[in-house]
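The chain contents come next:
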Amino acid sequence: MPGPAGPRGPKLHATRRHELGQSFQDGGEHYDRVRPGYPMDSLEWILPQGARTAADIGAGTGKFTSLLLQRNLEVAAVDPSPDMLEQLRKSYPQVNALVGTAEATGLTDSAFDVVSVAQAWHWCDPLPASTEIARILRPGGTMGLVWNQLDTSIPWVHRLSRIMHAGDVHKPGFRPVIGPEFQGLERHLTTWEDPLTPEDIMELAKSRSYYLRAGEATRAKVMDNLKWYLHEHLGHAAGETVPVPYVTQTWRALKVQGAPPR
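Below: a short report on this structure. Source: prediction; values computed, not measured.

A few points about the packing of helix H8 (residues 198–205) against helix H10 (residues 216–233)
Angle between the axes and distance between the axes: these two values describe a pair of packed helices.
So, step 1. At a closest axis distance of 10 Å, the pairing of H8 and H10 adopts a crossing angle of 150°. By the criterion of interaxial angle, the relationship of H8 to H10 is roughly antiparallel. Crossing of H8 against H10: the hand is right-handed. On the side of H8, the interface is formed by Pro198, Ile201, Met202 and Ala205, while H10 contributes Met223, Leu226, Lys227, Leu230 and His231.
So, step 2. Split into classes, the residues belonging to the contact of H8 with H10 amount to seven nonpolar, one polar and one charged.

A look at helix H6 (residues 126–136)
So, step 1. Buried residues dominate H6, accounting for nine of its 11 residues.
So, step 2. Elements that come into contact with the buried residues of H6 comprise strand S1 (53–57), strand S4 (112–118), strand S5 (137–150), strand S6 (182–196) and strand S7 (242–255).

Focus: unusual backbone geometry
So, step 1. Positive phi is not limited to glycine here, since Asn72 has a value of about 60°.
So, step 2. Counting through the fold element by element, Asn72 comes out in the loop between helix H4 (65–70) and strand S2 (74–79).
So, step 3. A positive phi is found at His165, a non-glycine position, where the angle reads about 55°.
So, step 4. By the element assignment, His165 lies in the loop between helix H7 (155–164) and S6.
So, step 5. For His165, a relative accessible area of 39% gives the class partly exposed.

Topic: the packing of aromatic side chains
So, step 1. One pass over the structure, following the stated rule, counts five aromatic pairs.
So, step 2. Considering the side-chain rings of Trp192 and Tyr246, the 5.0 Å spacing of their centres and the 15° angle between planes classify their relative orientation as stacked. Placement of Trp192 in strand S6 and of Tyr246 in strand S7 is noted, with a sequence separation of 54 residues between them.
So, step 3. A residue is classified by how much of its surface remains accessible, and Tyr246, at 2% relative accessible area, is buried.
So, step 4. A network of ring pairs unites the aromatic residues Trp147, Phe174 and Trp251 as a single cluster.
So, step 5. Over the ring of Trp45 we find Arg252, and its NZ or CZ is 3.9 Å from the ring centre.

Observations concerning the nonpolar core
So, step 1. Core analysis: the largest hydrophobic core is formed by 27 residues, its most contacted members being Ile57 and Trp121.
So, step 2. Of all the elements in the fold, those that place two or more residues in this core are S1, S2, S4, H6, S5, S6 and S7.
So, step 3. With near-sequence residues (within four places) excluded, Ile57 lies in contact with Val78, Thr101, Ala102, Thr105, Leu107, Val115, Ser116, Val117, Ala118, Ala120 and Ile136.
So, step 4. Among the nonpolar cores identified, the runner-up in size contains 22 residues, and Phe64, Leu68, Leu69 and Leu88 belong to it.

Points about the sheet that holds S4
So, step 1. If you trace the seven strands from one edge of the open sheet to the other, you get S3-S2-S1-S4-S5-S7-S6, paired in mixed fashion. Strands at the two margins of the open sheet, each flanked by one partner only, are strand S3 (96–99) and S6. Geometrically, the sheet is characterised by an average inter-axis angle of 20° between neighbouring strands, direction not taken into account.

The rules behind each value
- Residues numbered from 1 in each chain as written.
- Predicted model: local features only at pLDDT ≥ 70, side-chain atom pairs only at ≥ 80, totals over all residues.
- Heavy atoms only, no water.
- Axes fitted to C-alpha atoms, helices over the stretch in contact; angles between N-to-C directions.
- Helix = DSSP H or I, 4+ residues; strand = E, 2+ residues; numbered from the N terminus.
- Parallel < 35°, antiparallel > 145°, perpendicular 65-115°, else oblique.
- Left-handed = near helix turned anticlockwise from the far one by under 90°.
- Contact = heavy atoms within 4.5 Å.
- Nonpolar A, V, L, I, M, F, W, Y, C, P; charged D, E, K, R; others polar.
- Buried < 20%, exposed > 50% of the residue type's maximum accessible area, 1.4 Å probe, protein only.
- Phe/Tyr/Trp six-rings, centres within 6.5 Å; stacked < 30°, edge-to-face > 60°.
- Lys NZ or Arg CZ within 6 Å of the ring centre and 35° of its normal.
- Core = buried A, V, L, I, M, F, W, Y, C linked by side-chain atoms within 4.5 Å.
- Pairing = 2+ DSSP bridges.

Given below as structure tokens:
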């Protein structure tokens, strides 16, 4: 369905965006282990009919890359973190994995049917990134922007997100900024649950940029608050399965016919 007009989400200054993004440069093994994957529904919705090639930008450890491979696509993966890409290469050695950014992928002109950016567009400078993605897409190709977001319409999840200082929370009025090289921006929502234990949730909190950039005292406070909330307030036992509700927000847009490479 067409995305609603409204707020476009927080705008990060380029320097601050870079500083926060740097927090993910290390710790690829931990990130890969604790972060959720994506529902196949999110890929099915953005995948053009007859697609054979895909580039996954901001691929991290390959959470979305794995879906592309399941559809038997030839995949290139780009990420600024060598540590993240090391994990991706271990899991998916058939992928062409390159160090780069959405603004400078290092990939070939007009080489891909679809380009995905999962859980990473908010770290990008959207206009230069749009220009670069349009350059590597074939005419009529699709750009897909994907976010896993905690479903904060559920009160206990809303409070959990605040304790974790999670930025990836669902905002119904959000609409991503994209460049003039693309048209027909549309949104699709997938609701699902990730079965986690309280221990898993605490490890998930440790993968957030807020926690990674914090000092030891702040980290300890976050963990203490989570233990109180999960065990004492919500009453979950150690090792108990806690279904954590998510909304995966997927956006797609088509490359404008005749958009010139830059």
